Amino acid sequence: MTQKHSNIEYRFGKAIRRRRRELDLSQEELAEKSGLHRNYISGIETGERNPSLKNIVKLAAALEISVSDLFVNYGIEVKSESETNS
């Protein structure tokens, strides 16, 4: 896995895109449902943006999923500091 593909922003973006596609939503539709801008959604999905906790909650609600389910069920693993230092 490349450095870019291992970072949390990239993995989060992939999860958002996967869930959005499962619901058959366009980026524009997700933007409208979440109250965020379409360009911001695009930046999140490509891993270029690091959304705030408030925006993560907005996205999860718009995607009809809990934040915890989004992280657990869509492969967004958050490693503990001890795991990243070994």
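Each remark here, short or long, concerns the structure printed above.
Residues numbered from 1 in each chain as written. Predicted model: local features only at pLDDT ≥ 70, side-chain atom pairs only at ≥ 80, totals over all residues. Heavy atoms only, no water.

### Some details on the nonpolar core
Line of reasoning, step 1. Counting residues in each nonpolar core, the largest one holds 19 residues, and the members touching the most others are Phe-12, Ile-16, Leu-30, Leu-59 and Leu-70.
Line of reasoning, step 2. Contributing elements (two or more residues each) for this core: α2 (8-22), α3 (27-34), α4 (38-45) and α5 (53-62).
Line of reasoning, step 3. Here the element with the most residues in this core is α5; it accounts for four residues.
Line of reasoning, step 4. Setting aside its immediate chain neighbours within four residues, Phe-12 contacts Ile-44, Pro-51, Ile-56, Leu-59, Leu-70, Phe-71 and Ile-76. (Core = buried A, V, L, I, M, F, W, Y, C linked by side-chain atoms within 4.5 Å. Buried < 20%, exposed > 50% of the residue type's maximum accessible area, 1.4 Å probe, protein only. Helix = DSSP H or I, 4+ residues; strand = E, 2+ residues; numbered from the N terminus. Contact = heavy atoms within 4.5 Å.)

### Observations regarding unusual backbone geometry
Line of reasoning, step 1. The backbone phi angle of Asp-24 is positive, close to 55°, even though this residue is not glycine.
Line of reasoning, step 2. Inspection of the secondary structure assignment puts Asp-24 in the loop between α2 and α3.
Line of reasoning, step 3. A residue is classified by how much of its surface remains accessible, and Asp-24, at 67% relative accessible area, is exposed.

These values are about where atoms sit, not about what they do.
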